[in-house]
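Working through the structure, step by step
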Amino acid sequence: MRIACISDIHANLPALEAVLADVRAQSPDLTLSLGDQVNFGPQPLQVLQLLESEGIPCLLGNHEQRVLALREASDAALNAINFASVRWTMQQLAGVDLNLPLNRRVGEVLFAHAGAENPSLRLDDLDAVREELRALPYPLLVCGHYHNPLQHHAQGRALCVIGSVGMAENGVPGTALYALVDQTPQGVHVTPRIVPYDSGRLYEAFRSSGILDMCPIMSRVVHETMTQNRCMVMEFLAHVHAVMASCGADAIDERVWTLAGNTFAWRTGQTVSAYWGL
Ligand SMILES: [Fe+2]
Ligand SMILES: [Fe+2]
């Protein structure tokens, strides 16, 4: 039994298309998407439509959870300026059912976004991971959530992070990550795959999608992350908090956010407006 696992597409359609072409060549029995199909990138609806047309079941990621929480107005923090991409994504996905399952078991392997029942499980928290594996009724949990491959072993069980399709942080520009999980009578084998794709198509996708009207600064953080395969999100948010402290502000308001965008050490220079040609 061969299962192709894709995860963390983050609305990056060119990366998904390239990965699905590679998946077809591997002839899996089943393909699963392990959550974070949407948010950050410019083509959330197109990504979900492609997954549906290919008959690929999707699991719930913490980013789908954010869209659901925003729809239900159950998390006031999501109205802050730093969550503008979630609000834009929610607008694009009006009427789309995002009540996805938390996990799926196939044979002796459980697939989930992060923890079996927790799409936000911190995978760098060794105590939390050990606790997760202690409670796991199967020998292997395959998940995404963190954007580079990672493995933990404890309690005679293993947790295997496969990395991200749309926001890989492997330092190799223009590549997407996924994995093949083969279950045989001899055991389970996880084979990482790295797929080149045309990340140059993303710039126009951001520009034509309308996302820049709502969140040009975060979109630049995301675009640079997607095209350089180096995470800038945490680096930028650390800068935002430093700006907030230097301003004496007690929240990330528009002034703090704009100042952070104007003073961040962008890898490619230019102001945010010049970067997008606005
Ligand atoms: Fe993610
Ligand atoms: Fe995630």
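Structure first, text after, so check above.
Below is a summary of the structure that appears in this document. (Residues numbered from 1 in each chain as written. Chains lettered and ligands numbered in written order. Predicted model: local features only at pLDDT ≥ 70, side-chain atom pairs only at ≥ 80, totals over all residues. Heavy atoms only, no water.)

So, on to the overall build of the protein chain. Across its full length, the protein chain holds 11 helices and 9 strands. The C-alpha atoms of the protein chain give a radius of gyration of 19 Å, which matches the 19 Å a tight globule of 278 residues would have. Principal axes of the C-alpha set define a box for the protein chain whose edges measure 60 × 40 × 35 Å. Here the protein chain holds 278 residues, and the buried ones make up 53% of them. At a minimum sequence separation of 6, the contacts of the protein chain that also span at least 24 residues come to 65%. Approximately 11,900 Å² of the protein chain is accessible, and the part contributed by carbon and sulfur atoms is 51%. The protein chain carries 18 positive and 28 negative side-chain charges, and their two centres are separated by 3 Å. (Helix = DSSP H or I, 4+ residues; strand = E, 2+ residues; numbered from the N terminus. Rg over C-alpha atoms; globule rule 2.2 N^0.38 Å. Buried < 20%, exposed > 50% of the residue type's maximum accessible area, 1.4 Å probe, protein only. Contact = heavy atoms within 4.5 Å. Areas by Shrake-Rupley, 256 points an atom, 1.4 Å probe, with all protein chains shown as cover. Lys, Arg positive; Asp, Glu negative; His and termini not counted. Charge placed at Lys NZ, Arg CZ, Asp CG, Glu CD.)

If you look at the biggest cluster of nonpolar residues, it comprises 63 residues, and the most contacted ones within it are Ile6, Leu51 and Phe236. No other element matches the 7 residues that helix H1 (residues 13-25) contributes to this core. Structurally, this core is a two-domain feature, drawing no fewer than three residues from each of domain 1 (2-196) and domain 2 (201-276). Apart from the residues within four sequence positions on either side, Phe236 is in contact with Ile217, Val221, Trp257, Ala260, Gly261, Phe264 and Trp266. (Core = buried A, V, L, I, M, F, W, Y, C linked by side-chain atoms within 4.5 Å. Domains from an automatic or database assignment.)

Quick look at the packing of aromatic side chains now. In the structure shown here, the tally under the stated rule is 8 aromatic pairs. Their ring planes at 75 degrees and their centres at 6.4 Å tell us that Tyr203 and Tyr275 sit as a pair that is edge-to-face. Highlighted residues: Tyr203 in helix H6 (residues 201-209) and Tyr275 in helix H11 (residues 272-276), separated in sequence by 72 residues. By relative accessible area, Tyr275 is classed as buried at 10%. Aromatic pair Tyr275 and Trp276: ring centres 5.0 Å apart, planes at 85 degrees, arrangement edge-to-face. One aromatic cluster is present, formed by Tyr203, Phe206, Tyr275 and Trp276 through successive ring pairs. (Phe/Tyr/Trp six-rings, centres within 6.5 Å; stacked < 30°, edge-to-face > 60°.)

Here we take up the coordination of the iron ion (ligand 2). Within the protein, Asp36 (OD), Asn62 (OD1), His113 (NE2) and His145 (ND1) serve as the donor atoms for the iron ion (ligand 2), at 2.1 to 2.2 Å. Classification of the site at the iron ion (ligand 2) rests on its 4 donor atoms, whose angles at the metal span 89 to 165 degrees, yielding the label irregular. For the iron ion (ligand 2), the donor residues sit on a single chain with the sequence spacing D-x25-N-x50-H-x31-H. A separation of 3.4 Å is found between the iron ion (ligand 2) and the iron ion (ligand 1), which share Asp36 as a coordinating residue. Of the two residues, Asn62 sits in helix H3 (residues 62-71) while His113 sits in the loop between strand E4 (109-112) and helix H5 (126-135), which places them 51 residues apart along the sequence. Neither Asn62 nor His113 differs from the other in exposure class; each is buried. (Donors = N, O, S within 2.8 Å, 3.2 Å for Na, K, Ca; no water. Tetrahedral: all angles 85-135°; square planar, octahedral: opposite > 155°, others 65-115°.)

Right, let's talk about helix H8 (residues 216-228) for a bit. Given a rise of 1.5 Å per residue, 13 residues ought to cover 18 Å, and the 18 Å separating the end C-alpha atoms of H8 matches this to within 8%. The element H8 is largely enclosed, with a buried count of 11 among its 13 residues. All buried positions along H8 are accounted for by Ile217, Met218, Ser219, Arg220, Val221, Val222, His223, Glu224, Thr225, Met226 and Thr227. Residues of H8 that are buried sit in contact with H6, helix H7 (211-214), helix H9 (233-247), helix H10 (254-263) and H11. Positioned one or two residues after H8, Asn229 has a phi angle of 55 degrees, which is positive. (Expected span 1.5 Å × (residues − 1).)

Turning to the pairing of strand E3 (residues 103-106), a few remarks are in order. Pairing geometry for E3 and E4, over 4 bridges, is antiparallel. Bridging across to E4, Val106 finds its partner in Val109. Taking the residues between adjacent antiparallel strands as the criterion, E3 and E4 are bridged by 2 residues, where Gly107 takes a positive phi near 60 degrees. (Pairing = 2+ DSSP bridges.)

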